[in-house]
Amino acid sequence: MEITDEILIDLYKRMVRVRLFEEEAGRLAESARLPGFLHLYVGEEAVAAGVCGALESQDQITSTHRGHGHLLAKGGDFNRMMAELMGKATGYCNGKGGSMHICDLDLAMLGANGIVGAGVPISVGAAYANKLTGNGLISVSFFGDGATNIGAFHEAANMAAALSLPMLFVCENNEYAEYSPRHKTMAITDVIERAAAYGFPGAIVDGMDCVAVFEAASLAIEKIRGGEGPMMLECKTYRFYDHVGVKGTASDYRTDEEVEEMRKRDPLVVHETRLIESGIMDADSIQAIKDDIQKEVDISVEFADQSPFPELEDMLVDVYTNGESS
Amino acid sequence: MEITDEILIDLYKRMVRVRLFEEEAGRLAESARLPGFLHLYVGEEAVAAGVCGALESQDQITSTHRGHGHLLAKGGDFNRMMAELMGKATGYCNGKGGSMHICDLDLAMLGANGIVGAGVPISVGAAYANKLTGNGLISVSFFGDGATNIGAFHEAANMAAALSLPMLFVCENNEYAEYSPRHKTMAITDVIERAAAYGFPGAIVDGMDCVAVFEAASLAIEKIRGGEGPMMLECKTYRFYDHVGVKGTASDYRTDEEVEEMRKRDPLVVHETRLIESGIMDADSIQAIKDDIQKEVDISVEFADQSPFPELEDMLVDVYTNGESS
Amino acid sequence: MSPDNIFEGANEDEESSSESNPSERKLGYGAAVVETMAQIMREDESVFLAGEDVGAHGGVFGYFRGLQPEFGEDRVVDTPIAEQAIIGLGIGAAVQGLRPVVDLMFMDFICVAMDQIANQAAKLKYMFGGGATLPLTITTAGGAGLSAAAQHSQSLEAMLCHIPGLKVVMPSDAYEVKGLLTSCIREDNPTVFIINKRKLADTCHVPEELFEIPLGEGHVIREGSDVTVVAIGRMVDEAKKAAEKLSGEGIDCELINPRTVQPLDIDLIVESVSKTGHAVIVHEAVRFGGIGAEIASQIQEQAFDYLDAPIGRVAAPFSPIPFSPALEKHYVPDAERIVTSIKNLF
Amino acid sequence: MSPDNIFEGANEDEESSSESNPSERKLGYGAAVVETMAQIMREDESVFLAGEDVGAHGGVFGYFRGLQPEFGEDRVVDTPIAEQAIIGLGIGAAVQGLRPVVDLMFMDFICVAMDQIANQAAKLKYMFGGGATLPLTITTAGGAGLSAAAQHSQSLEAMLCHIPGLKVVMPSDAYEVKGLLTSCIREDNPTVFIINKRKLADTCHVPEELFEIPLGEGHVIREGSDVTVVAIGRMVDEAKKAAEKLSGEGIDCELINPRTVQPLDIDLIVESVSKTGHAVIVHEAVRFGGIGAEIASQIQEQAFDYLDAPIGRVAAPFSPIPFSPALEKHYVPDAERIVTSIKNLF
Ligand SMILES: Cc1ncc(C[n+]2csc(CCOP(=O)(O)OP(=O)(O)O)c2C)c(N)n1
Ligand SMILES: Cc1ncc(C[n+]2csc(CCOP(=O)(O)OP(=O)(O)O)c2C)c(N)n1
Ligand SMILES: [Mg+2]
Ligand SMILES: [Mg+2]
């Protein structure tokens, strides 16, 4: 498959959107301007960008507690997301969901999820709808390495295989589940070994390189759309910040050296170098992209700040579709 | 490992105990003398006999909805089991559990289970206790092919591996889950492929041959007891009767020819032939074993018949250890 | 006993909960499930059914029999044993605009899938700020009385009623099966449709055509002046018998069947109690924390001044469900216990 | 906000639920968990702890911090994300005679493991005809107020109370944390110990030594003559404030903290209501089907003739828990709503 310059720039923009938005969100969280728990995706941008860059806009995705990245990479709106993080009525969920429940049904993003692994069965359902209606779409589920230890993941993977559904499983293996290193919670090194247990193919991908992810995803998506059933990608990646928020204090579950080492493989830098070295962009045009996006981020903070909070009478709205309640 | 004549005879007796008891139970169920659902193990005796024959008496097992076989092969008591099937106060569970909850803690049989897959996590707990106390025991979980599709199985298998527990996973692959053939509910042929997904070894065994099972189990148990962590055996087997009861009427989920074909590999016949051909036993001594055991079965029916039902005041007993209730 | 036999067992006629006309067609409770499913699936392509053994086998109780031959394997889907994924299958397909009916064989198995039911299906619309609709129907067989023991006999509706976002439906006869199941499938919110496994063979008048019984509207089965009896699901039968018996003894029962326990038609109940001054609630579930507690609480909140005696509850005792028929027959409430409880009020 | 910060937040002193003596040692609610665990684990080798991130990290809320360094990785076990297997781990080990404490980080996650909790742990002894004992403690953090939204804030005790076989414990302060956790771990039945995540930093007097508070015995926090206020878990704090406020307005509250909701000390409550003639129940959980419904039902069953007004319930509205602090602050009951509800009775 040929990767055009346009695609390379598009992938870069997707990553920058995630990065700059999240850095801002991290700063806001540090200064206690965001309520609730914030799980940052910074460091893992190549995965969301590479996969979402390879999708059609109506292909469905489900996400995790670390969901801003997926939605932003799929084209999510800064304003509505920032407003949601602040619990404002103008947010994606009218302030009712917050960071862990970000969703955008227009972009076929079926929700972040506060329950580890719980999005995967929901993706199976979307995939089933695709199959039944023959709409040609595929359904993608993002999940962490830790999530592959929970039952919901297993049931979903097996069901997708048994029913031969158009579904892509994307494991973001950042080597940790909260504060537990992978080797303590599973006896295998590569999560991809699990794909074989369901009878579908899988591949390991450098999750710090958006092009590698894009290529692998494109290949998989083509096969899946062609009716070959589910596939899995294991993207080896890393989160730069703490499990929750920016910098935790509690335990030394990983060393500063390890983080520094991985930061050298920052997916934005990797891709910037490629863009520059291949002459597609120069430092200035890269900076221009960043400036533009940062402006949008700044506007979103302003938008969110000035947005109203939901009103008391919104409490019981949308519990049911018809607004009934007990 | 050398398999003595004594062992071969012992394995045979274990199988006959299961077979004759269950044939009797089946007849009783057909004539509506047993309340509730009865899931017969007939046809699969080689698995329970081979595994239990290789265990120490205090090694723990958990079982399934098809649990009589496991307990009887481990030395369970006919009287208490038959009484339980009839819902009598003298039964294994004082009549409160029935077929699906048969258990015998003295024999370290931690229960049949009405929830598919739910016994496997409980076995993990027993294995953990073994590890923590260093008692040298191992914990065995029996489960069906269908059960490997459910989340509880997956979580338990992964946890056993992550914690490197002394546990043996025994899959009884009879190719059906209720009325669904395996190929409809999973995209793999051999369940054993799942072991690799957890990072432990596994082996496929002829589940119609008690010696093959015994040998494989003995080998696995030795390693597990030696501290090598969990292992899985997939025993290819077959149930001769319907999913529930003896002969169902509803659907043609398998052909009579298929059943006939498999009945030719009846584990009792396979082993009888071996015993006779190797000169260990003759037809008469085999018949004598059967007669003896049938007598015990008959006695158990008598025992159960004459046993009293539990009394109303037993209803609230044993909800809690101290007998308290709300 | 095989579950199949239950469905094929001897039918006993009974009056339908609607105005009954003996010349009209009768249908079994289990058969009403199949008929309703088939008719809805004919008229609405977006409806499909998924669950363990619902296809080739037609469900372990047989109440989906014949659907797969008519609608094919894609619309009547046999799934692996994977209750969480079964509910997830329904959620994801519902969000995409289909109207899935997903089956959890026995109600006890809702516990296996509780996260998908209570944390996902129930909350999704709200968490998403209203953006999604979730026309998902979960069917499941509840109730005791078949010696199916502690893990195959429970009535767990109280767990579901406590979770905002779900609707919980408990048909008491074949007529209600048809009318309520139709409403559930056409409803844009997640519903749990609880089939009572001891009712399967019972027949009553059921119209041929599809019709809806609105969710949240209770039904006065029998008017009376002395005591309001609120009976849930199969307990309606026992309450009818009790009312019959008591009418001979001069106690006139008003019998109400809420039909859905979430939403709960409390207005109907309160109105009745305001007239009778007495109330007894009957359900199969464990008494402690059962839906009867909520109903009783709301009655005393709203009709306090009308109450002449404490509100009674007839329900299961505080134990798991025993296997032995000798115990189980005392475990499940029956007409006799209802009679006793009502008499206690006077 | 990181969960760690919650634990390390500013402490506010409060009276312990026992007789308070200002010279005595104070301890935080979260710190009381660690201290109790450590002391019990020192005296009883059969006790071990397992759960996600309970070891190296000391629990996401920090209330297991320091245990793994002292007791090692075998007695303080970091597990995979596998709530079903975590409960199973506890069940199997308990049946073998150990006394496991297993942690489900957030109470909402009981739904992920509900089968192991409700169908296995709760029923095992009964199904087995009494042969097993199950000294299993499940710890979990419940309650709202941290903008943790619909899946990390629930109070689901009503689901558990409805399942015979479980005991359900809700400490309202650090003193109760220590006394009740000790009882849970020494208890031979499965218990669910619900830690309120908004209470973690609050301190009160707690004895240095281990002591037991019996499960099933409520506590009269404040005697009063006009109304019985039954407050669950963290709601005790709000009820105290309400009682304080009302005493200035001439309404004298008797404040009862049941401490355990299963078993429930209904005798204590009924006795009080028989004296006051009024009752209000306060809990964080959703009102519909909450434990308040059961308490109210039992009160009116047993103290009908003493009641001068309907029993009030102050609880959460019928919606999932909203994320926005602007909504959540109205969602969770507070002193003001309790005051209003009590005044309504008169
Ligand atoms: C069922 C469930 N268990 C536990 C948690 C708490 N939790 C939130 S994120 C997380 C770690 C997830 O690890 P992984 O899947 O690898 O994703 P990552 O955070 O590394 O992106 C845990 C344990 C949860 N939210 N849901
Ligand atoms: C959680 C759960 N789902 C469904 C069932 C109903 N059920 C009982 S046995 C069974 C099939 C089990 O198949 P398998 O594990 O292969 O065991 P087998 O019956 O073949 O021995 C099913 C689906 C159940 N008991 N529990
Ligand atoms: Mg991870
Ligand atoms: Mg099978």
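J.: Help me get a handle on the coordination of the magnesium ion (ligand 3), residues and values and all.
T.: All names here are of chain A. The protein atoms that coordinate the magnesium ion (ligand 3) are Asp145 (OD), Asn174 (OD1) and Tyr176 (O), at distances spanning 2.0 to 2.1 Å. Summarised as a motif, the one-chain spacing of the donors to the magnesium ion (ligand 3) is D-x28-N-x1-Y. Of this pair, aspartate 145 sits in the loop between strand E2 (139–144) and helix H6 (151–162) while tyrosine 176 sits in strand E4 (residues 176–177), placing them 31 residues apart in sequence. Among the residues examined, aspartate 145 registers a relative accessible area of 3% and is labelled buried.

J.: Just give me the short version of the layout of surface pockets, but keep the residues and values in it.
T.: Within this model, the second largest pocket holds a volume of roughly 450 Å³. Forming the walls of the second largest pocket are 23 residues, and the residues nearest its centre are Arg287(C), Arg313(C), Gln298(D), Glu301(D) and Gln302(D). At the level of secondary structure, the elements contributing two or more residues to the lining of the second largest pocket comprise strand E14 (312–316) and helix H13 (335–343) of chain C together with helix H11 (291–302) of chain D. Here the lining of the second largest pocket is composed, by residue class, of 11 nonpolar, seven polar and five charged.

J.: Hey, could you go over the site of ligand 1 for me, with residue numbers and the actual values?
T.: Every one of the 22 residues lining ligand 1 counts as a neighbour, but His65(A), Arg66(A), Gly114(A), Asp145(A) and Glu83(D) are closest to it. Around ligand 1, the nearby residues trace back to chains A and D. Asp145(A) is positioned with one of its side-chain polar atoms (N or O) 2.6 Å from an oxygen atom of ligand 1. Contact with the protein chains covers 98% of the free accessible surface of ligand 1, which is 580 Å². Grouping the amino acids of the shell around ligand 1 by side-chain chemistry returns 10 nonpolar, seven polar and five charged.

J.: Break down the domain arrangement of chain C for me, citing the residues and quoting the values.
T.: It is common to report an interface's size as the accessible area lost on association of the parts. Residues and elements named next belong to chain C. When the domains of chain C are assigned, the result is domain 1 (26–205) and domain 2 (219–343). Between domain 1 and domain 2, the C-alpha centre-to-centre distance is 26 Å. Every contact between the two is made by 28 residues of domain 1 and, on the other side, 23 residues of domain 2. Approximately 2,000 Å² of surface area, both sides summed, lies buried where domain 1 meets domain 2, with 56% of it carried by carbon and sulfur atoms.

J.: So what's going on with the interface of chain A and chain C? Residues and values would help.
T.: On the side of chain C, 44 residues touch chain A, which itself brings 41 residues to the contact. Roughly 3,400 Å² of surface becomes buried between chain A and chain C when both sides are summed, with 64% attributable to carbon and sulfur atoms. By the criterion of area lost to chain C, the three top residues of chain A are Glu155(A), Met159(A) and Tyr320(A), representing 18% of everything that side buries. Taken together, chain A and chain C are joined by zero salt bridges. At the boundary of chain A with chain C, the tally comes to 15 residue pairs in polar contact (both at pLDDT 80 or more). Breaking the side of chain A that touches chain C down by element, the ones donating at least two residues are helix H5 (119–133) and H6 of chain A. Tallied by class, the residues present in the side of chain A that touches chain C amount to 23 nonpolar, 13 polar and five charged.

J.: Could you give an account of the interface of chain C and chain D, naming the residues involved and the relevant values?
T.: Of the residues lining the interface, 54 residues belong to chain C; the matching set on chain D comes to 54 residues. For the pair chain C and chain D, the summed buried area comes to about 4,500 Å², and 63% of that belongs to carbon and sulfur atoms. Remark: the boundary between chain C and chain D carries six salt bridges. Measuring nitrogen to oxygen at the nearest pair gives 2.8 Å for the salt bridge that ties Arg313(C) to Glu301(D). Summed over the shared surface of chain C and chain D, the number is 28 residue pairs in polar contact (both at pLDDT 80 or more). Of all the secondary structure elements, the ones that give two or more residues to the side of chain C that touches chain D are helix H5 (114–121), helix H6 (124–127), helix H7 (157–161), strand E12 (260–262), strand E13 (279–286) and helix H11 (291–302) of chain C. Class assignment for the residues of the side of chain C that touches chain D results in 30 nonpolar, 16 polar and eight charged.

J.: Before we move on, can you summarise the side chain of Glu155(B) with the specific residues and values?
T.: With respect to the helices, strands and loops of the structure, Glu155(B) is situated in helix H6 (residues 151–162). In this structure, Glu155(B) is in contact with Asn149(A), Ile150(A), Gly151(A), Ala82(D), Glu83(D), Gln84(D) and Ala85(D), ignoring residues within four places of it in sequence.

J.: Give a detailed account of a negative patch on the surface, specifying residues and quantitative values.
T.: A cluster of acidic residues, Asp252(A), Asp256(A), Glu257(A) and Glu260(A), forms a negative patch at the surface. Assessed through its relative accessible area of 74%, Asp252(A) is described here as exposed.

Rules used throughout
- Residues numbered from 1 in each chain as written.
- Chains lettered and ligands numbered in written order.
- Predicted model: local features only at pLDDT ≥ 70, side-chain atom pairs only at ≥ 80, totals over all residues.
- Heavy atoms only, no water.
- Donors = N, O, S within 2.8 Å, 3.2 Å for Na, K, Ca; no water.
- Helix = DSSP H or I, 4+ residues; strand = E, 2+ residues; numbered from the N terminus.
- Buried < 20%, exposed > 50% of the residue type's maximum accessible area, 1.4 Å probe, protein only.
- 1 Å grid on protein atoms, 1.4 Å probe; cavity = no way out; pocket = protein on both sides within 12 Å on 5 of 7 lines; lining within 4 Å.
- Points joined across faces, edges and corners; volume = space filled by probe spheres on them.
- Nonpolar A, V, L, I, M, F, W, Y, C, P; charged D, E, K, R; others polar.
- Near = heavy atom within 4 Å.
- Polar contact = N/O pair within 3.5 Å; in protein donor to acceptor, adjacent residues only side chain to side chain.
- Areas by Shrake-Rupley, 256 points an atom, 1.4 Å probe, with all protein chains shown as cover.
- Domains from an automatic or database assignment.
- Contact = heavy atoms within 4.5 Å.
- Buried area = accessible area lost by both parts, 1.4 Å probe.
- Salt bridge = Lys/Arg side-chain N within 4 Å of Asp/Glu carboxyl O.
- Patch = residues over 30% accessible without salt bridge, like charges linked within 9 Å, V, L, I, M, F, W, Y side chains within 5 Å.
- Lys, Arg positive; Asp, Glu negative; His and termini not counted.
- Charge placed at Lys NZ, Arg CZ, Asp CG, Glu CD.

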